[in-house]
Amino acid sequence: MISVDDYRDRVAALLGTAPATAMPLAAAAGLVLAEDVTATVSLPPFDNSAMDGYAVRATDVSGPVTLPVADDIPAGRVDVRPLEPGTAHRIMTGAPLPPGADAVVMVEDTDGGTSQVTISVPAREGAHIRRTGEDVVEGSVALHAGTVLGHSQLGLAAAVGLAEVRVHRPLRVLVASTGTELIDAPAPLRHGQIYESNSVMLAAAIRGLGCEVDVVRSVVDDVEEFRKVIEPKLAGADLLVTSGGVSAGAYEVVKDALTGQGVEFAKIAMQPGGPQGCGRWQGVPVVTLPGNPVSVLVSFEAFLRPAILTALGHTDVSRRRVRARLNEEMSSPAGRRQYRRGVFTPSDREVTGLVGPRGGPGSHLLGAFTQANCLIVLPEDVTSVAVGDEVEVLLL
Ligand code: AMP
Ligand code: MG
């Protein structure tokens, strides 16, 4: 048996890191920067008004005063004239400050006049002015390689003048589910058949990491058929993920089709999700998961998610881990790391929270998984835990 940690490293090594590519900003959400973004302009790019009001010289406004309004500066004016002493320019938020002005008086402190303005308070030098470069300086690194491009980061990339960014290319993942018993809804079920669900889960989970996903559903347990359907689709894929057909029974289609083809099958010291396989088929990385839906989800958490995130350039690939006190006793097989679905309730009195299992250890209990918000991890050397024991919890 291979340990969970060793197998995780093996899967991650298989995928490596995706190459960099240029992407339009709109397509780069959720992806990871492959190189630093250098600001081509400062932010703000010019001194501008932080308020709707009047640009003045502070020395002209030491108390209540009336000044002629010599110009009007809406946002977007590109031909701003200097402010002559003893005058004011009406100015809007974001409009360039006229040379000579050193303060802005907000409109609320004036009568709002357009030919002349009466200002009721003294102006303070520098008031309501947003200075060039006070946020980002031209030529500096605005975003570092390795940054995950969330909406604020994409906004900054746009603001400093980029139309495209270089990111780690999204992986193209082919997801295939196997099993002669599988039927795609809405076709009616016959006794002995079940509705296919793994490919739907895997596609959504993998897409959610920032990959492009293609799906082949419900391939029958026939080696020739499996090869015929999957092989032609390998060419465009960076990764093939299969479910089902890898355990110890007969009719293990994935195992039968890929043994001796570059994919190795092994038993991992975990529950659920023991039977696994990975390797390369026709040069394409392959990860073969067992068929039980909960095994699929746990395998995704334990192996696929960290490997795919690493391939996409992420450095933080782990789920948040917390310690929690158990509110129900549980048992776990010796020598296996058990992942139980749980409900974690944070506590405001303790550093830790409270956690309890949701559903039993059975790897077919998908309904219970949907009500869980965490995985409770019982280490290999633990066979039972009691109420009140502290356990490790992975927050989903
Ligand atoms: P296997 O690993 O192929 O032996 O499948 C283990 C269990 O998972 C069996 O009960 C299968 O019917 C079930 N199963 C396999 N693939 C799927 C799937 N794609 N969707 C739902 N259940 C599945
Ligand atoms: Mg099967």
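As recorded in an unreviewed UniProt entry, the protein chain goes by Molybdopterin molybdenumtransferase and comes from Amycolatopsis vancoresmycina DSM 44592. UniProt, in the comment section headed Pathway (unreviewed entry), describes the protein chain in these words: "Cofactor biosynthesis; molybdopterin biosynthesis." On record in UniProt, under Function (unreviewed entry), the comment for the protein chain is "Catalyzes the insertion of molybdate into adenylated molybdopterin with the concomitant release of AMP."

Novice: Please clarify how helix H3 (residues 198–207) should be interpreted in this entry.
Specialist: Each α-helix winds once per 3.6 residues, and so residues spaced three or four apart point in a common direction. Residues of H3 that are buried include every one of Asn198, Ser199, Met201, Leu202, Ala203 and Ile206, and no others. Here the buried face of H3 lies against strand E12 (172–178), strand E15 (212–219), strand E16 (239–243), strand E20 (284–289), helix H6 (293–311) and helix H7 (366–371).

Novice: What is the right way to read unusual backbone geometry from this model?
Specialist: A cis amide bond links Leu43 with the next residue in sequence, Pro44, at an omega value of -10°. In this structure, Pro44 sits in the loop between strand E2 (37–38) and strand E3 (48–49). For the peptide bond that leads from Gln271 to Pro272, omega is 0°, which places it in the cis range. Checked against the element boundaries, Pro272 lands in the loop between strand E18 (270–271) and strand E19 (275–281). A positive phi angle, near 60°, is found at His128, a position not held by glycine. Overall, His128 belongs to the partly exposed group, its relative accessible area being 28%.

Novice: Is there a simple way to think about the pattern of salt bridges in this case?
Specialist: Side chains that differ in sign of charge can pair as their charged atoms come close. Enumeration over the complete set of coordinates arrives at 20 salt bridges. Asp238 serves as the salt-bridge partner of Arg169, at 3.1 Å between the closest nitrogen and oxygen. One end of the pair, Arg169, is in the loop between strand E11 (164–168) and E12; the other, Asp238, is in the loop between helix H4 (223–234) and E16, with 69 residues separating them in the sequence. Taking the shortest distance from any N to any O, the salt bridge between Glu392 and Arg321 comes out at 3.1 Å. Of the two residues, Glu392 sits in strand E27 (residues 390–395) while Arg321 sits in strand E21 (residues 321–326), which places them 71 residues apart along the sequence. Owing to a relative accessible area of 24%, Glu392 belongs among the partly exposed residues under this scheme. By relative accessible area, which is 46% here, Arg321 ends up partly exposed. By sharing partners, the salt bridges in this structure join Asp5, Arg8, Arg337 and Glu380 into a single network.

Novice: Quick question: what am I supposed to make of the sheet that holds strand E5 (residues 65–73) here?
Specialist: Across a sheet, paired strands are connected by hydrogen bonds in the backbone, their directions being either parallel or antiparallel. Within the open sheet, the five strands sit side by side as E7-E4-E6-E5-E8. Their pairing is mixed. What marks the edges here is a single partner per strand, and that holds for strand E7 (103–106) and strand E8 (116–119). Across the sheet, the mean angle from the axis of one strand to that of its neighbour is 40°, orientation sign disregarded. Bridge count between E5 and E8: four bridges; the pairing is antiparallel. When the sheet's bridge partners are listed, Leu67 is paired in E8 with Val117.

Novice: What is the right way to read the nonpolar core from this model?
Specialist: In terms of nonpolar packing, the biggest core is built from 43 residues, with Leu171, Ile206, Leu304, Ile308 and Tyr339 touching the most fellow members. Of all elements in the fold, only helix H1 (4–15), E12, H3, E16, E20, H6 and strand E25 (374–378) reach the threshold of two or more residues within this core. With 12 residues, H6 is the largest single contributor of residues to this core. In this structure, Val246, Val263, Trp281 and Val286 belong to the second largest nonpolar core, which totals 18 residues.

Novice: Whenever I open this one, the pairing of E19 confuses me. Can you help?
Specialist: Successive side chains on a regular strand alternate, one facing one side of the sheet and the next facing the other. Among the seven residues of E19, six are classified as buried, and the element is accordingly described as predominantly covered. Relative to E19, strand E17 (residues 263–267) is paired through five bridges, and the arrangement is antiparallel. Its bridge partner lying in E19, Val263 is registered against Gly279. Bridge analysis of E19 against E20 gives five bridges, and the strand direction is antiparallel. Within E20, the residue paired with Cys278 across the bridge is Val287. Taken together, E19 and the strand that follows it, E20, pair antiparallel across an intervening segment of two residues, in which Gln282 is found at a positive phi of about 55°.

Novice: How should I be thinking about the pairing of strand E4 (residues 53–56) in this particular structure?
Specialist: As judged from the three bridges shared by E4 and strand E6 (residues 88–91), these two strands associate in the antiparallel manner. Within E6, the residue paired with Ala55 across the bridge is His89. Pairing of E4 with E7, which is carried by four bridges, proceeds in the antiparallel orientation. Each residue of the ladder has a partner; that of Tyr54, found in E7, is Val105.

Novice: In this structure, what is going on with the sheet that holds E17? I would like to understand it.
Specialist: Overall, mixed pairing links the six strands, which are arranged E15-E12-E16-E20-E19-E17 in an open sheet. The strands lining the two open edges of the sheet, one partner per strand, are E15 and E17. Neighbour to neighbour, the strand axes of the sheet diverge by 15° on average, direction disregarded. The strands that H1 touches are E16, E17, E19 and E20; relative to E19, the one it contacts most, it runs at about 20°. In this fold H3 packs onto E12, E15, E16 and E20, with an angle of close to 170° to the strand it touches most, E15.

Cut-offs used in this document
Residues numbered from 1 in each chain as written. Chains lettered and ligands numbered in written order. Predicted model: local features only at pLDDT ≥ 70, side-chain atom pairs only at ≥ 80, totals over all residues. Heavy atoms only, no water. UniProt positions renumbered as here; feature names shortened; annotations may be inferred. Buried < 20%, exposed > 50% of the residue type's maximum accessible area, 1.4 Å probe, protein only. Helix = DSSP H or I, 4+ residues; strand = E, 2+ residues; numbered from the N terminus. Contact = heavy atoms within 4.5 Å. Salt bridge = Lys/Arg side-chain N within 4 Å of Asp/Glu carboxyl O. Pairing = 2+ DSSP bridges. Axes fitted to C-alpha atoms, helices over the stretch in contact; angles between N-to-C directions. Core = buried A, V, L, I, M, F, W, Y, C linked by side-chain atoms within 4.5 Å.

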